[in-house]
Amino acid sequence: MQGPNVVRHWARTSTLMWIMFVLWLIFSFGIHFFVKELNAIKFGGFPLGFYMAAQGSLIIFVVMLFTFAARQDGIDRDEGMAED
Amino acid sequence: MATPAKAGGGFVANLGRIYALYTGAFFVVVVALAAYEYLAKSSGQNALVVNQNIGYGFVFLTIGVYALIGVLSRTSDSGEYYVAGRVVPAFYNGMATGADWMSAASFIGMAGTLYLLGYDGLAFVLGWTGGYVLVAILIAPFLRKFGAYTVPDFFAARYEGNLPRFLAVVVLLACSFTYVVAQIVGTGLIAQRFLNMDFELAVYVGLGGILVCSMLGGMKAVTWTQVAQYIVLIIAYLVPVVILSGQKYGIPIPQLTYGQALADIATLEAQMIKDGLAPALNMATGAGLKPHTAPFTSYSQLNFFALILCLMVGTASLPHVLMRYFTTPSVREARVSVAWSLLFIFLLYFTAPAYAAFAKLEVYSLIAKKTALADLPQWMFTWGKAGLVTVCGKAAASIEAVTAACAALPNHPGILRFQDLGIQADAIVIATPEIAGLPYVIAGLVAAGGLAAALSTADGLLLAIANALSHDLYYKMVTPLNRVARLLISTVAVVVLLAGLYALFSVGAPVSGIPRWMILTGVIAGVVAIFGYLYAGANEVSRRLLISRVLLLVVAAFAAATAATRPADIVAMVAWAFSLAAAGIFPALVLGVWWKRANYAGCVAGMIIGFSLCLFYLVVTRYFPGYGVAYFGMTSLLNPISGKPIIADLAKAMADPNAMQAFVLQAHPLASKVGWMDVNNISSALFSLPIGFLTIIIVSLMTARPSQAMYDLIDSIRCPRGDTVMQDKDAVVQAH
């Protein structure tokens, strides 16, 4: 734990944002471009391409957001920028 | 700043216990009503009367509880009224956001959309969840740190002027008003279907339900009722489909078992085509049975992804959602709260495809079994009477009606075929309890859930609209003017509002023989008298709140009067709200946080150009399609399967005398069937979003950079530590 470092705090915050943004792009759009190929794979009756749009991407979004909240909080604490 | 101790007291500390008790009580009510149904029906009472009693029981008990919460949360503190005192823990704010977000359309219509569109309908599931990622990483924590009361507040402070504030208010009104009207229409439809109430009466009862939750306590009351409404709506959504899954597959987890249903549907699809019960998909015309899991049969690939983008970005721009994150105690909690919101929303959205699959399996099994028209199940007739199910092109009101309609078709085999059956999206969730053969009490539960979804969203939207009018327009823009201008603007506003209200309310028959204008005059006189009395005895802060409440009442009355005219178009326009919000608000909001160089001129230009372009595309393609083709280079949209134009001969269609009609109905041959580059109008932000961003960037770079003070302000928004940028001044005034 060091003193507040505004520049490094924002650099790390931005990096985290970009990582999340790219993941968002992949699971909102990227993976669904391959729906036809993925639909050839089946598990429990689900065609995988359908599953990804109906559940897979959604689960990943939820996990991403809890991870994001924890990571960003870590960055805030590291850089002495956290509340309280 | 309002401190937690002051605003929350024992209530916030005991939230867990209170809502657990509430949930338990709700289950007790469900069980009690189920027992009543069993006893009454087994003693031979009229089933219709019993059902209606159960419907009333659910609706009035739940609305009664919401009203009680609303009254208990009444407040005269502006911090509590606008941002719930900023004491709402992340978990509960997540639930409130879930209820705020999931509307009548999500609850009632989403599963049906998935039934009708198959894979392509998942654009809505993805679009209405993934947007929360953008909310969390780009927007919410920074808005929370900024500490505004409303979204337009941020625009005014960040872009240093009241014009950006005004533009934000305009966008907010454009995307929220049709949305709130659609919620009130939803309340009316639910009450009409389950309680046999007159639609218009139901609309005004719904209005009452909305007002008791929001008027006395503002955001504070809306927050705590939304939590209660979330609990009702998620239980109501899950129970029928969980039971159905248990019945069919022995495992009460529909989200897992519907995979098997999907596999069965695929088998049935092939069998129906083989037996001549359904036309195979014709790749040249795009007509025929569309396989449930096959992509891009209703939307082209481009439109599918464009729709996802517009819905996601729209989600991240809708003011009634963003303002929920103003209510958390800290920036950290705001971030966690977005995650909870998404989890709670996810619970409904990942269940919706299961509803669709089970209903489709049921229907396809019926068809594949070669069911004779006389043997159709009762649920088809129940909802056929309401116009939600059609057979052979006519409402399936009875066996006789169905037989007659099909006999009129040439060579009809007398058994139900795929092409004979029409199901409206709304029917799926509503009919599932009956499809599963569950007691009526479950149908009543679904009605209560749908009502909770509609009311909670309407509450949030109304508050967003009323706060934009009272806080942003009146308090921040009109009050600083001189006395004459203030009087002039207020008078014009009152006259316009009253004239509009009278015009809207006069549509329709007299009520019990009394002319409608008399009723309205009586109500207005009463309201003016009450508020005049309160205003005379109030101090400055409470006068401001009083004006907020009056405006809330006026907006609500407007929305209800519009809803009572049953505007078909308005419901369709809700889908526009996402593109409008995305085009108007998103670029300026995101660049405001992430690019210090963005300035006043860039914001104003970007908002005006982005929003106008989006509105232009929507209005022209829907209402002036002929003009779009003649003057703006629009062409026919393409059939997603064949890739050929929907309007085969556009030149011939344009030669028709009605081609250049304006304000055409949805049935017009060109309406919503033309556009640029095959982009559907609900995805119009695909054009305006990049143009909005570019305009802000280019214009900002061409004009002076913001002041050092502004750079410092942005730095402080980016740093969670420290006080909010904009202090809750009024709360301080109040405390003194």
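Going by the structure above, here's the rest.
Okay, so let's go over this structure. Computed from a predicted structure; not experimentally measured.

### Brief notes about the overall build of chain A
Part 1 of the reasoning: A count of helices and strands for chain A gives three helices and two strands.
Part 2 of the reasoning: Along chain A, from the amino end to the carboxyl end, the secondary structure elements read α-α-β-β-α.
Part 3 of the reasoning: Radius of gyration (C-alpha) of chain A: 18 Å, far over the 12 Å computed for a compact globule of 84 residues.
Part 4 of the reasoning: Counting across all 84 residues of chain A, residues that qualify as buried make up 54%.
Part 5 of the reasoning: Nonlocal contacts in chain A, meaning residues at least 24 apart in sequence, comprise 66% of its contacts between residues at least 6 apart.
Part 6 of the reasoning: Just so you have it, chain A exposes about 4000 Å², and 71% of that area is on carbon and sulfur atoms.
Part 7 of the reasoning: Between the centroid of the 6 positive side chains of chain A and the centroid of its 7 negative side chains there is a distance of 12 Å.

### Remarks on the overall build of chain B
Part 1 of the reasoning: Secondary structure summary: chain B contains 31 helices and five strands in total.
Part 2 of the reasoning: Sorting the 736 residues of chain B into buried and exposed places 57% on the buried side.
Part 3 of the reasoning: Within chain B, residue pairs in contact and separated by at least 24 positions form 82% of the contacts whose partners lie at least 6 positions apart.
Part 4 of the reasoning: When the accessible surface of chain B is totalled, it reaches about 26400 Å², and 69% of it is carbon and sulfur.
Part 5 of the reasoning: Side-chain charges of chain B comprise 41 positive and 31 negative groups, with the mean position of each set lying 6 Å from the other.

### A closer look at unusual backbone geometry
Residues and elements named next belong to chain B.
Part 1 of the reasoning: At Ala84, a residue that is not glycine, the phi angle is positive and equals roughly 55 degrees.
Part 2 of the reasoning: Examined against the element boundaries, Ala84 turns out to sit in the loop between helix H5 (78-83) and helix H6 (90-101).
Part 3 of the reasoning: What makes Ala84 buried here is its relative accessible area of 4%.
Part 4 of the reasoning: With phi around 50 degrees, Arg566 is a residue other than glycine that occupies positive phi space.
Part 5 of the reasoning: Position of Arg566 among the secondary structure elements: in the loop between helix H24 (540-564) and helix H25 (568-594).
Part 6 of the reasoning: Under the relative-accessibility criterion, Arg566 is labelled partly exposed at 49%.

### Remarks on helix H23 (residues 516-536) of chain B
Residues and elements named next belong to chain B.
Part 1 of the reasoning: Along its 21 residues, H23 runs 30 Å from first to last C-alpha, staying within 8% of the 30 Å computed at 1.5 Å per residue.
Part 2 of the reasoning: Of all the positions in H23, only Arg516, Leu520 and Phe531 are classed as buried. Down the axis of H23, the smallest arc covering the buried residues is 20 degrees, so these residues share one side. Seen from the open side of H23, the exposed residues pointing more than 90 degrees away from its buried face are Ile530, Tyr533 and Ala536.

### Quick look at a nonpolar patch on the surface
Part 1 of the reasoning: A contiguous nonpolar surface patch, about 440 Å² in accessible area, is contributed by B:Leu481, B:Leu488, B:Ile489, B:Val492 and B:Val496.
Part 2 of the reasoning: Accessibility expressed as a relative area gives 53% for B:Val496, which makes it exposed.

### Considering the packing of helix H10 (residues 162-195) of chain B against helix H26 (residues 600-623) of chain B
Residue and element names in this part refer to chain B.
Part 1 of the reasoning: Direction vectors running N to C along H10 and H26 enclose 20 degrees, while the axes themselves pass 10 Å from each other. In terms of their interaxial angle, H10 and H26 are classed as roughly parallel. The two elements H10 and H26 cross, and the hand of that crossing is left-handed. Contacts between H10 and H26 involve Leu163, Pro164, Leu167, Ala168, Val170, Val171 and Ala174 from the former and Tyr600, Cys603, Val604, Met607, Ile608 and Phe611 from the latter.

### Examining the nonpolar core
Part 1 of the reasoning: Counting 261 residues, the largest nonpolar core has B:Trp101, B:Phe107, B:Tyr132, B:Phe155, B:Tyr258, B:Tyr349 and B:Val391 as its most contacted members.
Part 2 of the reasoning: The element best represented in this core is helix H21 (residues 440-478) of chain B, accounting for 21 residues.
Part 3 of the reasoning: Residue contacts for B:Tyr132: discarding those within four places in its chain leaves A:Leu65, B:Thr97, B:Trp101, B:Thr315, B:Val321, B:Tyr325, B:Val338, B:Ser341, B:Leu342 and B:Ile345.
Part 4 of the reasoning: Residues B:Tyr617, B:Ile647, B:Val674 and B:Phe687 belong to the second largest nonpolar core, which totals 13 residues.

### Some points on the interface of chain A and chain B
As a measure of interface size, the accessible area lost when the parts come together is often cited.
Part 1 of the reasoning: Across the contact, 43 residues belong to chain A and 48 residues belong to chain B.
Part 2 of the reasoning: When residues of chain A are sorted by the area they lose upon contact with chain B, A:Trp10, A:Phe50 and A:Glu83 head the list and together hold 17% of the total.
Part 3 of the reasoning: Remark: the boundary between chain A and chain B carries two salt bridges.
Part 4 of the reasoning: Among the ionic pairs, B:Arg332 bridges to A:Asp73, the shortest N-O distance being 2.8 Å.
Part 5 of the reasoning: Put simply, chain A and chain B have eleven residue pairs in polar contact (both at pLDDT 80 or more) between them.
Part 6 of the reasoning: Of all the secondary-structure elements, those providing two or more residues to the side of chain A that touches chain B are helix H1 (6-28), helix H2 (35-39), strand E2 (46-47) and helix H3 (48-78) of chain A.
Part 7 of the reasoning: A total of 19 residues in the side of chain A that touches chain B trace back to one element, the largest contributor, which is H3(A).
Part 8 of the reasoning: Among the residues making up the side of chain A that touches chain B, the classes are represented as 25 nonpolar, twelve polar and six charged.

### Structural notes on empty space enclosed by the protein
Any empty space left between atoms is shown by rolling a water-sized probe over those atoms.
Part 1 of the reasoning: Tallied over the full model, the rule gives five cavities of 30 Å³ or more.
Part 2 of the reasoning: If you trace the largest cavity, you find 13 residues lining it, with A:Gln72, B:Pro141, B:Phe142, B:Arg335 and B:Arg718 closest to the centre.
Part 3 of the reasoning: Breaking the lining of the largest cavity down by element, the ones donating at least two residues are H1 and H3 of chain A together with helix H8 (122-146), helix H16 (331-349) and helix H30 (708-718) of chain B.
Part 4 of the reasoning: No other element matches H3(A), which puts three residues into the lining of the largest cavity.
Part 5 of the reasoning: Class assignment for the residues of the lining of the largest cavity results in seven nonpolar, three polar and three charged.
Part 6 of the reasoning: Of the volumes computed, that of the second largest cavity is approximately 70 Å³.
Part 7 of the reasoning: Forming the boundary of the second largest cavity are B:Val59, B:Phe60, B:Ile63, B:Thr187, B:Ala191, B:Leu195, B:Met197, B:Ala202, B:Val205, B:Gly206 and B:Leu451.

### A few points about the sheet that holds strand E1 (residues 389-391) of chain B
Residue and element names in this part refer to chain B.
Part 1 of the reasoning: An order of E2-E1-E3 is seen for the three strands of this open sheet, with the pairing classed as antiparallel. This sheet does not close on itself; its edge strands, each paired only once, are strand E2 (394-395) and strand E3 (421-423).
Part 2 of the reasoning: For E1 and E2, the ladder comprises two bridges, and the chain directions are antiparallel. Looking at the pairing, Val391 lines up with Lys394 of E2.
Part 3 of the reasoning: In the packing of helix H18 (residues 378-385) onto the sheet, the strands contacted are E1, E2 and E3, and the crossing angle to E1 comes to about 110 degrees.

### Some thoughts on the environment of B:Lys370
Residue and element names in this part refer to chain B.
Part 1 of the reasoning: Mapped onto the elements, Lys370 comes out in the loop between helix H17 (352-368) and H18.
Part 2 of the reasoning: You can call Lys370 partly exposed: its relative accessible area is 44%.
Part 3 of the reasoning: In this structure, the C-alpha to C-alpha distance between Lys370 and Arg417, residues 47 residues apart in sequence, is 7.8 Å.
Part 4 of the reasoning: Setting aside anything within four residues of it in sequence, one finds Lys370 in contact with Asp275, Leu277 and Ile415.

### Focus: the side chain of A:Glu83
Part 1 of the reasoning: Its place among the elements puts A:Glu83 in the segment after H3.
Part 2 of the reasoning: Notably, A:Glu83 is buried but unbridged: the nearest opposite-charge side chain belongs to B:Arg332, and the N-O separation is 4.8 Å.
Part 3 of the reasoning: Reaching out from A:Glu83, the side chain makes a polar contact with the backbone nitrogen of B:Val331 at a distance of 2.7 Å.
Part 4 of the reasoning: Among the polar contacts made by the side chain of A:Glu83, one reaches the main-chain amide nitrogen of B:Arg332 at a distance of 3.1 Å.
Part 5 of the reasoning: Beyond its immediate sequence surroundings of up to four residues, A:Glu83 is in contact with B:Ser330, B:Val331, B:Arg332, B:Pro720 and B:Arg721.

### Remarks on the side chain of B:Thr178
Part 1 of the reasoning: Looking at where B:Thr178 falls in the secondary structure, it is placed in helix H10.
Part 2 of the reasoning: Leave out the neighbours within four places in its chain, and B:Thr178 touches B:Ile570, B:Met573 and B:Val574.

Cut-offs used in this document
Residues numbered from 1 in each chain as written. Chains lettered and ligands numbered in written order. Predicted model: local features only at pLDDT ≥ 70, side-chain atom pairs only at ≥ 80, totals over all residues. Heavy atoms only, no water. Helix = DSSP H or I, 4+ residues; strand = E, 2+ residues; numbered from the N terminus. Rg over C-alpha atoms; globule rule 2.2 N^0.38 Å. Buried < 20%, exposed > 50% of the residue type's maximum accessible area, 1.4 Å probe, protein only. Contact = heavy atoms within 4.5 Å. Areas by Shrake-Rupley, 256 points an atom, 1.4 Å probe, with all protein chains shown as cover. Lys, Arg positive; Asp, Glu negative; His and termini not counted. Charge placed at Lys NZ, Arg CZ, Asp CG, Glu CD. Expected span 1.5 Å × (residues − 1). Arc of directions from axis to C-beta. Patch = residues over 30% accessible without salt bridge, like charges linked within 9 Å, V, L, I, M, F, W, Y side chains within 5 Å. Salt bridge = Lys/Arg side-chain N within 4 Å of Asp/Glu carboxyl O. Axes fitted to C-alpha atoms, helices over the stretch in contact; angles between N-to-C directions. Parallel < 35°, antiparallel > 145°, perpendicular 65-115°, else oblique. Left-handed = near helix turned anticlockwise from the far one by under 90°. Core = buried A, V, L, I, M, F, W, Y, C linked by side-chain atoms within 4.5 Å. Buried area = accessible area lost by both parts, 1.4 Å probe. Polar contact = N/O pair within 3.5 Å; in protein donor to acceptor, adjacent residues only side chain to side chain. Nonpolar A, V, L, I, M, F, W, Y, C, P; charged D, E, K, R; others polar. 1 Å grid on protein atoms, 1.4 Å probe; cavity = no way out; pocket = protein on both sides within 12 Å on 5 of 7 lines; lining within 4 Å. Points joined across faces, edges and corners; volume = space filled by probe spheres on them. Pairing = 2+ DSSP bridges.

Coordinates in, geometry out; function isn't part of it.
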